[in-house]
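# Observations on the model geometry
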Amino acid sequence: MELLTIGAFARASRLSPKALRLYDELELLRPAQVDPASGYRFYHPEQLERARLVAWLRRLGMPLVRIRRVLELEPDLAADEVAGYWAQVMAETAARQDLAAFLVDHLKGRDTTMNSTPTALRIRYAARSDAGLVRARNDDTAYAGTRLVAVADGMGAQGGGDRASAAAIEALKQLDHQPPAGDLLNALEEAVARADASVAGLARSEPELPGLGTTLTAMLWSGSQLALVHIGDSRAYLLRDGELFQITHDHTLVQSMVDEGRLTLDEAASHPQRALLIRALTGGGTRPDLSLHTARAGDRYLLCSDGLSAVVPGDRLHTVLSTVADPEQVVQQLVELANRNGGPDNIACALADVTAESPS
Ligand SMILES: [Mn+2]
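Given the structure is predicted, the values throughout are model-derived calculations rather than measurements. (Residues numbered from 1 in each chain as written. Predicted model: local features only at pLDDT ≥ 70, side-chain atom pairs only at ≥ 80, totals over all residues.)

## Some thoughts on the nonpolar core
If you look at the biggest cluster of nonpolar residues, it comprises 63 residues, and the most contacted ones within it are V149, A150, M219, C349 and A350. Excluding residues within four positions of it along the chain, A150 makes contact with Y143, I169, L172, L216, T217, A218, L303 and A350. (Core = buried A, V, L, I, M, F, W, Y, C linked by C-beta atoms within 7 Å. Buried ≥ 20, exposed ≤ 12 C-beta atoms within 10 Å, placed from the backbone. Contact = placed C-beta atoms within 7 Å.)

See below:
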């Protein structure tokens, strides 16, 4: 059979030459022959089916890494892979639908649990940090108080991560003792700048400890408002109306690859570089994510380091958070769960239950 030029093959497969060149670069569909002098690509007519399959899978929204896997499988197994992918898309879409509903309520300031008289809110809280079963030192710090909950996961090539995470949280603590006079987000942003300066000061005074830094995820309450600050791969979750939402976005290399469609969530979870941070508090003035939320009586917030979220699956977190009432017991059980799953990393958890203040 005669080879087709890229133009003829593009017409026959109803793909553009540009798409075909991309598939070649991505090694999804290699031309049968490339002219060494001109660089022109030639395709075999039998490659049409593979080209169409790639195009269909792209239209389905399947990430490239997964398309490559489908192409390597026998038709029966490829069919299973496509079905599995679609089931996952549907599950993720359902979760996003819940999140969208939550965000619509949140942005409209709608609060179904409140009546016309505003209720003062308070928090019940607990925090716990544990070295885990493998690490000799605990570089994580957890804090919970009447207005502030925070976790930080410190790092340092030669140690000192524990001091970096402690210094960052220490810089935030004064917000707990003294309610911010002005804007909640500004107050938190300034506190994070102080935390960053503390890490910078520590790095200056301890030149033998290179690579000092820390993640920081913290929440500050005032009335029914709460401000959330986040940098790194520690996380904040919200349990509301029985649903669990992750309300922070990991600042990791693998999460950015997931966002770009180059990795699936499953692949990210087992990726060898999954712990590689693209943002952290390192004393260099990096800007954190800041957001303002409306808290409701009944909300339960969990902050945790990756030593919990990387080893305890979301459905287990959900179970503990929705079945154990006492905050102290929740953080204790979560630490135990992480350790039962090997405890490969330090663990930090901080929990806050929002309650309506009882009139006295
Ligand atoms: Mn960690």
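Text resumes after the structure shown.
## Structural notes on the domain arrangement of the chain
Domain boundaries in the chain define domain 1 (1-59), domain 2 (63-110) and domain 3 (121-356). Measuring from the centre of the C-alpha atoms in domain 2 to the corresponding centre in domain 3 gives 27 Å. Contact residues are listed per partner, giving nine residues for domain 2 and ten residues for domain 3. For the side of domain 2 that touches domain 3, the elements supplying multiple residues, two or more each, are α4 (64-72) and α5 (75-107). At four residues, α5 tops the list of elements feeding residues into the side of domain 2 that touches domain 3. (Domains from an automatic or database assignment. Helix = DSSP H or I, 4+ residues; strand = E, 2+ residues; numbered from the N terminus.)

## Considerations on the sheet that holds strand β10 (residues 235-240)
Backbone hydrogen bonds hold the strands of a sheet together, and the pairing may be parallel or antiparallel. Spatially, the five strands line up as an open sheet ordered β4-β14-β13-β10-β11, and their pairing is antiparallel. Only two strands of the sheet have a single partner each, and these edge strands are β4 (121-130) and β11 (243-246). In this sheet, adjacent strand axes meet at a mean angle of 15° when their direction is disregarded. Of the strand pairs in this sheet, β10 and β11 are connected by four bridges, and their pairing is antiparallel. Within the sheet, the bridge partner assigned to Y237 lies in β11 and is Q246. Those strands touched by helix α11 (residues 314-323) are β10, β11 and β13 (300-304), and its axis lies near 125° from that of β11. Here helix α12 (residues 327-340) sits on the sheet and contacts β4 and β14 (347-356); the angle it forms with β4, its principal contact strand, is near 30°. (Pairing = 2+ DSSP bridges. Axes fitted to C-alpha atoms, helices over the stretch in contact; angles between N-to-C directions.)

## Quick look at helix α7 (residues 184-205)
End to end, α7 covers 32 Å across 22 residues, agreeing with the expected 32 Å (1.5 Å per residue, within 8%). Every buried residue of α7 is accounted for by L188, A191, V192, A195, D196, S198, V199, L202 and A203. Axial view of α7: buried residues confined to an arc of 150°, hence all on one face. Every exposed residue of α7 that faces more than 90 degrees away from the buried side is listed here: G201, R204 and S205. (Expected span 1.5 Å × (residues − 1). Arc of directions from axis to C-beta.)

## Some points on the sheet that holds strand β3 (residues 41-43)
Spatially, three strands are ordered β1-β3-β2 in an open sheet, and the strand pairing comes out antiparallel. Across the chains shown, the open sheet's two edge strands, defined by having one partner strand only, are β1 (4-5) and β2 (33-34). Sheet topology places β1 next to β3; two bridges connect them, and they run antiparallel. By the bridge assignment for β3, T5 is matched with F42.

## Let's talk about unusual backbone geometry
In this structure, E27 takes a positive phi of about 60° despite not being glycine. Here D241, not a glycine, exhibits a phi torsion of approximately 50°, which is positive. Checked against the element boundaries, D241 lands in the loop between β10 and β11.

## Section: the pairing of β10
Counting buried positions along β10 yields five of six residues, so the element is predominantly enclosed. Count of turn residues in the β10/β11 antiparallel hairpin: two residues, of which D241 carries a positive phi of about 50°.

## Some words on helix α6 (residues 161-177)
Relative to the 24 Å expected for 17 residues at 1.5 Å per residue, α6 spans 25 Å between its end C-alpha atoms, a close match to the ideal helical length. Every buried residue belonging to α6 is among G161, D162, R163, A164, S165, A167, A168, I169, A171, L172 and L175, and all of these are buried. The secondary structure elements touched by the buried residues of α6 are β5 (140-144), β6 (148-155), α7, β7 (213-214) and β8 (216-222).

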